[in-house]
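One-letter residues, chain by chain:
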Amino acid sequence: MEVQKNLLVLGIESSCDETGVALVQSQGSGVPALLAHALHSQIEMHQAYGGVVPELASRDHIRRVLPLTTGVLNEAGRSLAEVDVVAYTRGPGLAGALLVGAGVACALGMALGKPVLGVHHLEGHLLSPFLSADPPEFPFVALLVSGGHTQLMRVDGVGRYELLGETIDDAAGEAFDKSAKLMGLGYPGGPALSRLALQGDPAAFKLPRPLLHSGNLDFSFAGLKTAVLTQARKLGDDLEARKADLAASTQAAIVDVLVKKSLTALQETGLQRIVVAGGVGANRQLREQLDAACAKRRVRVHYPELHLCTDNGAMIALAAAMRLQSGQQQANRDYAFDVKPRWPLNAIG
Ligand code: KG4
Ligand code: ZN
């Protein structure tokens, strides 16, 4: 397959509650350069409802995507006509929200006479650490921890992903979000819960570490949420006074499992490098515990820049550019913008 070089790739992310747009330039066999990116978070809009309202998300993506695109092009000093490929998040995510990004990307592609490329959202997260000051090298273990996914993968190159284990119920981000919600901490719960946890004692409550000793690399967080609920009910009127302790204990349970399973994945694969990606990768406790455990084992840990941990357009433009650069995929002129709300990462072609 012909390897395409030095392409200017516009990337659009709209799978959930952030509209992200970015422009990257691929450069030979090196890591593509991020020229500009812009993000609009809908968090404030959804906060009143305690979670993402899909219809409102789609409408807001429609409002934001073109102004963000203009802003990104201006910042990079480029014109739309110079864009070689328009990339967009094809899935997984909310169907209506995905359709906005896909529709806009395909319309732009068609109008400009340029090809388009649908990107897997998780591949974007997975490759996002390549935009950091300390980019990883293949192969590595990847811990993907977002609001919808918790997976351990072996990554041998762009498009070469082997699933080692995943959650059988809730994702780690969901465990943060649901626990935070029942403590009355609002949405999104992860950052709020971890902030409160700073003032609490992580050993205050004994909470379950689901599947910690299961002998495989799968996760389960639904039971933890139930245990947090039971504990909160037991506390009754004392909940308010003990909330920080409960938050710290919840965070400790989630982080313990993530760290332990990551170490097992490293041991089983014999790899000395791990990449952490997805929104929960922003968690300070997770970073501290994983860094300490890996330092002892001489394992290198890589994270995306903090602002690129949660959803953004840069990771989508980057993943598209890396796929094109590696010859893994070619952009196409099929402007049918079909999206894949459910799309396992190991099923990408
Ligand atoms: O990757 P992401 O932005 O969206 C998905 O693709 O799901 O991840 C969002 C998730 C949410 O569950 C949010 O609560 C969690 O990441 N999150 C955190 C932190 N920042 C975001 N969880 C724990 N600690 C954080 N600092
Ligand atoms: Zn995400």
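Residues numbered from 1 in each chain as written. Chains lettered and ligands numbered in written order. Predicted model: local features only at pLDDT ≥ 70, side-chain atom pairs only at ≥ 80, totals over all residues. Heavy atoms only, no water.

For the coordinates displayed, the defined rule picks out 4 aromatic pairs. For the pair Phe130 and Phe140, a centre-to-centre distance of 6.3 Å together with 50° between the ring planes defines the contact as tilted. Of this pair, Phe130 sits in the loop between helix H4 (121–127) and strand E6 (140–145) while Phe140 sits in strand E6, and the two are 10 residues apart along the sequence. Both residues of the pair, Phe130 and Phe140, belong to the buried class. Put simply, the rings of Phe130, Phe138 and Phe140 touch in pairs and so form one group of aromatic residues. Cation over ring: Arg90 sits above Trp343, and NZ or CZ is 5.5 Å from the ring centre. (Phe/Tyr/Trp six-rings, centres within 6.5 Å; stacked < 30°, edge-to-face > 60°. Helix = DSSP H or I, 4+ residues; strand = E, 2+ residues; numbered from the N terminus. Buried < 20%, exposed > 50% of the residue type's maximum accessible area, 1.4 Å probe, protein only. Lys NZ or Arg CZ within 6 Å of the ring centre and 35° of its normal.)

Here we come to the domain arrangement of the protein chain. The domain architecture assigned to the protein chain consists of domain 1 (8–128 + 309–347) and domain 2 (135–303). Here domain 1 and domain 2 have C-alpha centroids that lie 27 Å from each other. Counting residues at the interface gives 22 residues for domain 1 and 22 residues for domain 2. In this assembly, domain 1 packs against domain 2 so that about 1800 Å² is buried in total across both faces, 71% of it on carbon and sulfur atoms. At the boundary of domain 1 and domain 2, one finds 0 salt bridges. Counting residues per element, the side of domain 1 that touches domain 2 draws most heavily on H4, at 5 residues. (Domains from an automatic or database assignment. Contact = heavy atoms within 4.5 Å. Buried area = accessible area lost by both parts, 1.4 Å probe. Salt bridge = Lys/Arg side-chain N within 4 Å of Asp/Glu carboxyl O.)

We now examine the coordination of the zinc ion (ligand 2). Protein coordination of the zinc ion (ligand 2) is provided by His121 (NE2), His125 (NE2) and Asp311 (OD), with donor distances spanning 2.0 to 2.1 Å. The coordination sphere of the zinc ion (ligand 2) comprises 4 donor atoms, whose angles at the metal cover 94 to 137°; the geometry is irregular. Of note, the zinc ion (ligand 2) draws all its donor residues from one chain, in the sequence arrangement H-x3-H-x185-D. Note that His121 is positioned in helix H4 and Asp311 in the loop between strand E10 (300–302) and helix H10 (313–325), a separation of 190 residues in sequence. Asp311 carries the same exposure label as His121, and that label is buried. (Donors = N, O, S within 2.8 Å, 3.2 Å for Na, K, Ca; no water. Tetrahedral: all angles 85-135°; square planar, octahedral: opposite > 155°, others 65-115°.)

With that settled, consider the sheet that holds strand E9 (residues 273–277). Strands sit in the order E8-E7-E6-E9-E10 across an open sheet of 5 strands; the sheet is mixed. Unpaired on one side and paired on the other, strand E8 (160–166) and E10 mark the two borders of the sheet. Each strand axis lies, on average, 25° off the axis of its neighbour in the sheet, ignoring direction. (Pairing = 2+ DSSP bridges. Axes fitted to C-alpha atoms, helices over the stretch in contact; angles between N-to-C directions.)

This brings us to the nonpolar core. Phe221 and Leu258 are the most contacted members of the largest nonpolar core, which has 48 residues in total. For this core, the elements supplying multiple residues, two or more each, are E6, helix H5 (172–182), helix H6 (189–197), helix H7 (222–235), helix H8 (239–269), E9 and helix H9 (284–296). Counting residues per element, this core draws most heavily on H8, which supplies 14 residues. Judged by nonpolar contacts, the second largest core, of 37 residues, contains Leu126, Leu308, Ala314 and Ala321. (Core = buried A, V, L, I, M, F, W, Y, C linked by side-chain atoms within 4.5 Å.)

A few words now on the sheet that holds strand E4 (residues 85–91). Pairing is mixed across the open sheet formed by 5 strands, whose spatial order is E3-E2-E1-E4-E5. Only two strands of the sheet have a single neighbouring strand rather than two, namely strand E3 (33–41) and strand E5 (116–120). Each neighbouring strand pair of the sheet contributes to a mean axis angle of 20°, computed without reference to strand direction. Sheet analysis places strand E1 (residues 8–13) next to E4, joined by 4 bridges and oriented parallel. By the bridge assignment for E4, Gly11 is matched with Ala87. Its contacts with the sheet put helix H3 (residues 95–112) on E1, E4 and E5, and the angle it makes with E4 is roughly 160°. Across the sheet, H10 lies against E1, strand E2 (18–25), E3, E4 and E5, angled at about 135° from E1, the strand it touches most.

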